[in-house]
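What the coordinates show
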Amino acid sequence: MHVVRRNVWELGDDWADDILWYARGVGAMKGRPLADPTSWRFYAGMHGFSSARWQELGYLVPTDQPPTSALLSQFWRQCQHGSWYFLPWHRGYVLAFESNIRAAVTDLGGPESWALPYWNYFKAGQSALPPAFASSDWPDGSGDNPLFVEQRYGPFGDGNVFVPTSEVNLNALAEPDFTGVSSGGSPGFGGVDTGFAHNGPVHGAVETQPHDWVHGLVGGQQAQFPETIGAMSDPRTAGLDPIFWLHHANIDRLWASWRSDPAHLDPTQPTWLQGPASLGERAFSAPMPDATTFTYTPGEMTDPAALGYEYDDLTPAAAPVPPQERVDEGLGLDLTAEEGAPMPENTNVELVGANDEAVPVRGTESRTRVRLDAPTRRRVVDSLALGADDAEVAGARDRVFLNLENVRGQSDAAAFRVYVGVSDDEDASERPERLAGSIAPFGVSQASDFDDEHAGQGLTFVLEITDIVDQLQLESGFDVDDLPVRIVPVRPIGEKAELSIGRISVFRQGR
Amino acid sequence: MTPEAHQRRRIRRPVLAVTVVAWAAMLVPELLGSPPVGASAGTTLAREAESVGHAGHGGAGLSSTGLDVPEAVHWSYTPPWGYVAGWGVMLAAMMAPLLIPALRHAYTRSLAGRRGRAVALVTVAYAVTWTAGGVGLVTLASVIRTPTGPPYTALAAGIAVALMWQATPSKQRCLNRRARHPPLAAFGRAADVDALRLGGSHALWCFGSCWALMLVPLLVPAWHLGLMVVVTLWVWSEQLERPAVPGWRLRAPVRALRVARARARSLRESGPSSVAAPV
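Not measured: the values here are computed from a predicted model. (Residues numbered from 1 in each chain as written. Chains lettered and ligands numbered in written order. Predicted model: local features only at pLDDT ≥ 70, side-chain atom pairs only at ≥ 80, totals over all residues.)

**Comments concerning the overall build of chain A**
The cut-off we apply is this: Here a helix means four or more residues in a row that DSSP labels H or I, a strand means two or more in a row labelled E, and each is numbered from the N terminus. Note that the radius of gyration is over C-alpha atoms, with the globule rule given as 2.2 Å times the number of residues to the power 0.38. By the criterion used throughout, residues are in contact when their C-beta atoms, derived from the backbone, lie within 7 Å.
Secondary structure summary: chain A contains 14 helices and 15 strands in total. Here the C-alpha atoms of chain A give a radius of gyration of 23 Å, agreeing with the 24 Å that 2.2 N^0.38 yields for 511 residues. By its C-alpha atoms, chain A is 65 × 50 × 45 Å across when sized along the principal axes. A sequence separation of at least 24 residues applies to 73% of the contacts in chain A between residues at least 6 apart.

**Focus on the overall build of chain B**
Along chain B, the regular secondary structure elements total 11 helices and 0 strands. Listing every helix and strand of chain B by position from the N terminus yields α-α-α-α-α-α-α-α-α-α-α.

**A short note on the domain arrangement of chain A**
Much of the literature gives interface size as the accessible area that the parts lose upon coming together. Residues and elements named next belong to chain A. To keep it simple, the criterion reads: Domain ranges listed in this record stem from an automatic or a database domain assignment. Following the grouping adopted for this structure description, the nonpolar residues are Ala, Val, Leu, Ile, Met, Phe, Trp, Tyr, Cys and Pro, the charged ones are Asp, Glu, Lys and Arg, and the polar ones are all others, Gly among them.
Once the domains are mapped, chain A shows domain 1 (3-311) and domain 2 (323-510). Just the C-alpha atoms count here: the centres of domain 1 and domain 2 sit 28 Å apart. Contacts between the two partners involve 32 residues from domain 1, matched on the other side by 30 residues from domain 2. When the residues that make up the side of domain 1 that touches domain 2 are grouped by side-chain class, the tally is 10 nonpolar, 18 polar and 4 charged.

**Quick word on the nonpolar core**
Worth spelling out the cut-off: Take the buried Ala, Val, Leu, Ile, Met, Phe, Trp, Tyr and Cys residues, join any whose C-beta atoms are within 7 Å, and the set you get is a nonpolar core. The burial label depends on the number of other C-beta atoms within 10 Å of a residue's C-beta. Counts of 20 or more mean buried, 12 or fewer mean exposed, and intermediate counts mean partly exposed, with C-beta atoms placed from the backbone.
Counting residues in hydrophobic clusters, the biggest one holds 190 residues, and the most contacted among them are V418 of chain A together with V122 of chain B. For this core, the element with the highest residue contribution is helix α6 (residues 115-148) of chain B, accounting for 13 residues. Counting residues domain by domain, this core receives three or more from each of domain 1 (3-311) and domain 2 (323-510) of chain A. Not counting residues up to four positions away in its chain, the partners in contact with V122 of chain B are A102, L103, A106, A195, L198 and G199 of chain B.

**Brief notes about the interface of chain B and chain A**
The interface of chain B with chain A comprises 36 residues on the first partner and 55 residues on the second. Secondary structure elements with two or more residues in the side of chain B that touches chain A: α1 (3-32), α8 (169-178) and α11 (255-268) of chain B. In terms of residue class, the side of chain B that touches chain A is built from 20 nonpolar, 8 polar and 8 charged.

**Brief notes about helix α1 (residues 17-30) of chain A**
Residues and elements named next belong to chain A. The condition is simple: Expected helix span is given by 1.5 Å per residue-to-residue step, counting one fewer step than there are residues.
For α1, with 14 residues, the first-to-last C-alpha span of 20 Å sits near the 20 Å given by 1.5 Å per residue. Taken together, the buried positions of α1 are D18, I19, W21, Y22, A23, G25, A28 and M29. The secondary structure elements touched by the buried residues of α1 are α2 (40-47), α5 (86-107) and α6 (131-134).

**So, unusual backbone geometry**
All names here are of chain A. Backbone torsion omega between Q209 and P210 reads 15°, so that peptide bond is classified as cis. Mapping P210 onto the fold places it in helix α7 (residues 205-219). Cis rather than trans, the peptide bond between F225 and P226 has omega equal to 10°. Mapped onto the secondary structure, P226 falls in the loop between α7 and α8 (243-259). In this structure, R77 takes a positive phi of about 55° despite not being glycine. Looking at the element boundaries, R77 is found in the loop between α4 (69-75) and α5. Take R77: there are 16 C-beta atoms within 10 Å of it, and that puts it in the partly exposed class.

**Things to note about the confidence of the model for chain B**
Atom-level detail of predicted coordinates should not be read off regions where pLDDT is low. All names here are of chain B. The test is simple: Confidence of the prediction at every residue is given by pLDDT, a number between 0 and 100.
Confidence in the prediction for chain B averages 81 pLDDT; 78% of positions are at 70 or higher. Here residues 52-76 is modelled with pLDDT under 50, and outside its nearest four sequence neighbours on either side it reaches 36 contacts, counting other chains as well. Confidence drops under a pLDDT of 50 for residues 272-279, and excluding neighbours within four residues, the segment shows 20 contacts in the predicted structure. Predicted as a complex, the structure gets a pTM of 0.88 and an ipTM equal to 0.88.

**Re the pairing of strand β10 (residues 399-408) of chain A**
Residue and element names in this part refer to chain A. Filter applied, for reference: Only strands that DSSP links by at least two bridges are regarded as paired with each other.
Among the 10 residues in β10, 10 count as buried, and that is most of the element. Here β10 pairs with strand β15 (residues 500-510) via 9 bridges, running antiparallel. Along β15, the bridge assignment pairs V407 with I501. The sheet contact formed by β10 and strand β13 (residues 459-464) spans 5 bridges and is antiparallel. What sits directly across from L402, in β13, is L463.

**Considering the packing of α1 of chain A against α5 of chain A**
Residue and element names in this part refer to chain A. Note the following rule: Note on method: axes are straight lines fitted to C-alpha atoms, helices fitted across the in-contact stretch only, with angles between N-to-C directions ranging 0 to 180 degrees. Throughout this description, any angle smaller than 35 degrees is read as roughly parallel, any larger than 145 degrees as roughly antiparallel, any in the 65 to 115 degree range as roughly perpendicular, and the remainder as oblique.
Packing of α1 against α5 leaves a shortest axis separation of 8 Å and a crossing angle of 100°. Taken together, the axes of α1 and α5 are roughly perpendicular relative to one another. Together, W21, Y22, R24, G25, V26, A28 and M29 of α1 and N100, I101, A104 and V105 of α5 make up the contact between the two elements. Among the residues making up the contact of α1 with α5, the classes are represented as 8 nonpolar, 2 polar and 1 charged.

**A few points about the pairing of strand β4 (residues 284-287) of chain A**
All names here are of chain A. Relative to strand β5 (residues 293-296), β4 runs antiparallel, the two being bridged by 4 bridges. Across the sheet, residue F284 finds its bridge partner in β5, namely Y296. Where β4 hands over to β5, the hairpin turn is made up of 5 residues, of which A291 adopts a positive phi near 70°.

**Some remarks on the environment of A17 of chain B**
Following the sequence through the fold, A17 of chain B ends up in helix α1. On a C-alpha basis, the gap between A17 of chain B and A127 of chain B in space is 17 Å, while along the polypeptide they are 110 residues apart.

**Section: the confidence of the model for chain A**
On average, residues of chain A score 90 in pLDDT, and 91% of them reach the 70 mark or higher. Low confidence marks residues 326-344 of chain A, where pLDDT is under 50. Its contacts with residues over four positions away, or in another chain, come to 27 contacts.

**Some points on α1 of chain B**
Residue and element names in this part refer to chain B. This is how the line gets drawn: Bend, at a single residue, is the angle you get between axes fitted to the 7 residues ending at that residue and the 7 residues starting at it.
Here α1 contains 30 residues, and its C-alpha end-to-end distance of 43 Å stays within 8% of the 44 Å for a straight helix at 1.5 Å per residue. Along α1, the largest kink reaches about 30° and is centred on R12; proline P14 follows within four residues of it. Restricting attention to buried positions, one finds in α1 the residues P3, E4, Q7, R8, I11, A22, A25 and M26. G33, located one to two residues past α1, shows a positive phi value of around 75°.

And the structure:
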């Protein structure tokens, strides 16, 4: 069977058939007990689980019979984040979930060709939560709509759920390579080869943006007491929200979109193709509606058509713009490299500078200054000053990255914006061209636990700032001893979040 | 090879080269029957513990607690320089690979001009902290020998201690904390202090993870090196395990076996695996 996944906003109606059947399928899965491997909560537990958080959100009660320990050890807490397995693991997870919903749909008399819709929040007019998910009622007005989740608070914590399009971007799609490095340079489109480690601290480009950001802002955190953190904001509860699956269908679509460029290739290393099982870890697996187990490897997840589905549209909606072009366009210059020119391998990554101490992120703003090492900074300046109209030289220009290292905290919903090069007397909101990026620290509370897989060191986020540095250089602003960095939370962050950034650093990646 | 794997290799290769040389320095003299000076550190240490323990057993200058190490007896078997050299070689052989993640962290997160210095400081702090721990271990071995009399009784006590520690939540906490990479200052004295702190804390958590296992070779009356090889493989394998919630449980580093099995299966099987779509 071959199915087509379609845009949830373009199905024709708020409660189009595909959405209605999705709701019925979700309802059927929610009706099954936790211990049933095809139940709603069991599937959510495959992504992550926290007894305390599930109880807090009302998804776990003392009378629940837990799954057997064999099922738990085989299926639960499998999610892959901060790793180059992020995309293939989620592709198989969504695929298996879709099969379970489809089975429930057909059992209820629905179409066998039902496919999971995707939510393309980038498209004009489609950034709001699809209406069927925002109402507690079915279309006939009766309550108990299974697509509705009370703990979905949105960017400002008031229940108005949408994705602020001014702060999401598709720049990840311009990443030339699937995998990168954890040493301060680009982590690549799909994430870093984590080797024997599991769940590395550095998220890949598409994982950071838009994946993390959409998770953090759709779930959000309740503005009023008791300031509950939304289900989508936390990896341990995200799978409990039906919108999770439409979000991940979109992330999966972006992978297919990235791959549609012939120059963009998936990894070919055996450790990626064969997955963590080749490194002594559990194989990726998911329970199927016919009581079988779907066991898969990343190598088997590379081609959606071979897996029996496609997307109706692979257009990313907002064109990704490589950083150099962004700044050149802004400055009215034509500095693009000649088409077809060979690009040199720029894998040398070096620290340019760092701030001196940890930055607590609280209130409405935090400021620090990144001290720059003069000789390394000079190399960056020289590199960016090269005549970029010469294609070979243009390829040798540095890329520059801001690293937010060891981000620790207790609230995964504590999203913030990062500005670079805004002077002390300026209002950051009036300098949007200096916005390095927006961070929603998805998974930070778990990563801050000393006994978690991250050993309490937190997460590290990498933001490309080549365009900002290029602007600063043209304004002679980068050839300075230090660089101002400003952290501006989307909503004021309280002390309870205990959010801090261990170090803010600048790295160059080039020859 | 991925760029990340390439960067990992840049640190791993020289460290593993040092490890191989250190093992050669320990094994070759032992096999040739040379005196256990310097290179035969494992044997040296075991004999240090033995000599101290026997002296204590005979009441030669030890306090009633048995914790005081009499200098004269302790150094009578091996000169100090031999002890230091031997300890350094043994440390390199057994523990250098466990330092790779910390070295890589210091290397990649330091300014290019300070990388060598950062790596050196991490290494020095690691070695010094481990050395302090080593003195403690030798002392502990002597204490265990003192009251128990026959050497195999001491060995049994050492194995019991190792098994007990292996099952404790504290052991898991040490394994977990060893994987932590804190932020490092980039400039000046603060950068040096952070590098030293990284090496020292890494050694501390390593010591917490390994001390009980390393105690066992110090208590055997023979086959010190053979047992050291076993302990070394064990602690290297533990490095592959994922951090876990601390708790009381029997803890064995079985992931290394799973990796070996997966690699063997991969070698046996050839050709692309078929896709089993769940649709």
